[in-house]
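Descriptive structure summary
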Amino acid sequence: MGKTMKESRTIQTNHVLPPDTNHHGTLFGGQLMAYIDNVASIAATKHSRSLVVTASTDSVDFLKPIRVGDAVTLEAFVSYTGKSSMEVFVRVTTENLLSGDQSVAAISFLTFVAIDNEGKPIPVQDVIPETEEEKWLNETAENRAGHRKARKLHSEELAAFFTPKPHQ
């Protein structure tokens, strides 16, 4: 049993206003990251129908500036599942509302874990890809998961190195 990717698809569009931008007139990176985490958490919750927590963000690759006055649209869906984890793909597009020109502004992958009320991981259903894009994302997910595991190990090593040692 499983759920299709489209069952978790979540789309959010925002008008980029001056308070959301930096001195270059482009969307603050941190604001975009907040939008990404929000839309991805909704997609993960729709797939699991449970509480979820963000386990990791692979990266946010800023490909095009998102300018004041543009519309920024985020599309998220679960692209791969583990036992209790879900990889969520987020595509960010920007549209100049006056000209209609659109482009992909950012791509991101996040991992969420489904949890119960006590914060313990719980199983999630498999995800079923249907379109060619979905199949490609699903087929290439194990490679991304391997990179995530290696990166997490490296982060744990760094954390141990930088953890203050008790004075003796």
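What you are looking at is a predicted structure, and each value in this text was computed from that prediction instead of being measured.

Moving on to the packing of aromatic side chains. Scanning the entire structure with this criterion turns up three aromatic pairs. Centre to centre, the rings of Phe 161 and Phe 162 are 4.9 Å apart; their planes meet at 85°, and the pair counts as edge-to-face. For Phe 161, a relative accessible area of 62% corresponds to the exposed category. Using a relative accessible area of 61% as the deciding quantity, one classes Phe 162 as exposed. Three or more aromatic residues joined by ring pairs form one cluster here, namely Phe 77, Phe 89 and Phe 109. Here the guanidinium or amino end of Arg 144 rests over the ring plane of Phe 109, the centre of that ring lying 4.2 Å away.

When its volume is computed, the largest pocket comes out at roughly 360 Å³. Lining the largest pocket are 14 residues, and of these Ser 85, Thr 111, Ala 145, Arg 148 and Lys 149 sit closest to its centre. Residue assignment for the lining of the largest pocket shows that the elements contributing at least two residues are strand 3 (51-62), strand 4 (71-81), strand 5 (85-95) and helix 3 (141-162). Looking at the lining of the largest pocket element by element, the count peaks at five residues for helix 3.

A few words on the nonpolar core. In this structure, Leu 32, Leu 74, Val 88, Val 90 and Val 92 are the most contacted members of the largest nonpolar core, which totals 32 residues. Where this core is concerned, the elements lending two or more residues are helix 1 (29-48), strand 3, strand 4, strand 5 and strand 6 (102-115). Top element by residues in this core is helix 1. It accounts for seven residues. For Leu 74, the residues in contact, after removing those within four places along its chain, are Thr 10, Ile 11, Gln 12, Asn 14, Leu 32, Tyr 35, Ile 36, Val 39, Val 90, Arg 91 and Val 92.

Looking now at the pattern of salt bridges. For the coordinates displayed, the defined rule picks out 10 salt bridges. The residue Arg 151 makes a salt bridge to Asp 58 at a minimum N-O spacing of 3.8 Å. In this pair, Arg 151 sits in helix 3 while Asp 58 sits in strand 3, placing the two residues 93 residues apart along the sequence. Its relative accessible area of 32% is what places Arg 151 among the partly exposed residues. For Arg 144, the salt bridge is made with Glu 87, and the minimal N-O distance between the two is 2.9 Å. Of this pair, Arg 144 sits in helix 3 while Glu 87 sits in strand 5, placing them 57 residues apart in sequence.

Turning next to the side chain of Ser 8. With respect to the element layout, Ser 8 can be found in the loop between strand 1 (2-4) and strand 2 (10-15). Among the polar contacts made by the side chain of Ser 8, one reaches the main-chain amide nitrogen of Val 78 at a distance of 2.9 Å. Setting aside anything within four residues of it in sequence, one finds Ser 8 in contact with Ala 43, Lys 46, His 47, Ala 76, Phe 77 and Val 78.

Each value, and the rule that gives it
Residue positions are counted from 1 within each chain, in the order its sequence is given. Local features in this predicted model are restricted to residues of pLDDT 70 or higher, and side-chain atom pairs are both shown and tallied only at a pLDDT of 80 or more, whereas totals for entire chains, interfaces and linings draw on every residue. Hydrogens and waters are ignored; side-chain quantities use all the structure's heavy atoms. Any two rings among Phe, Tyr and Trp, with Trp reduced to its six-membered ring, count as a pair given centres within 6.5 Å; such a pair is stacked if its planes are under 30 degrees apart, edge-to-face if over 60, and tilted if neither. Exposure classes here rest on a 1.4 Å probe applied to the protein chains alone. A residue is buried below 20% of its type maximum, exposed above 50%, and partly exposed in between. Criterion for a charge above a ring: Lys NZ or Arg CZ within 6 Å of the ring centre, and within 35 degrees of the ring normal. Cavity and pocket criteria rest on a 1 Å grid covering protein atoms alone: a 1.4 Å probe that fits but cannot get out defines a cavity, protein on both sides within 12 Å along at least 5 of 7 lines defines an open pocket, and an atom within 4 Å of a point defines a lining residue. Grid points are joined across faces, edges and corners, and a volume is the space filled by probe spheres set on the points. Starting at the N terminus, helices and strands are each numbered in turn, a helix being any DSSP run of H or I of at least four residues and a strand any DSSP run of E of at least two. Among buried residues, the Ala, Val, Leu, Ile, Met, Phe, Trp, Tyr and Cys ones that are joined through side-chain atoms within 4.5 Å form a nonpolar core. The contact criterion used is simple: two residues touch if any of their non-hydrogen atoms lie within 4.5 Å. Any Lys or Arg side-chain nitrogen found within 4 Å of a carboxyl oxygen on Asp or Glu counts as a salt bridge. For the purposes of these results, a polar contact is taken to be a pair of N or O atoms within 3.5 Å, where, inside protein, one atom must be able to donate a hydrogen and its partner to accept one; residues adjacent in sequence count only when each atom of the pair is a side-chain atom.

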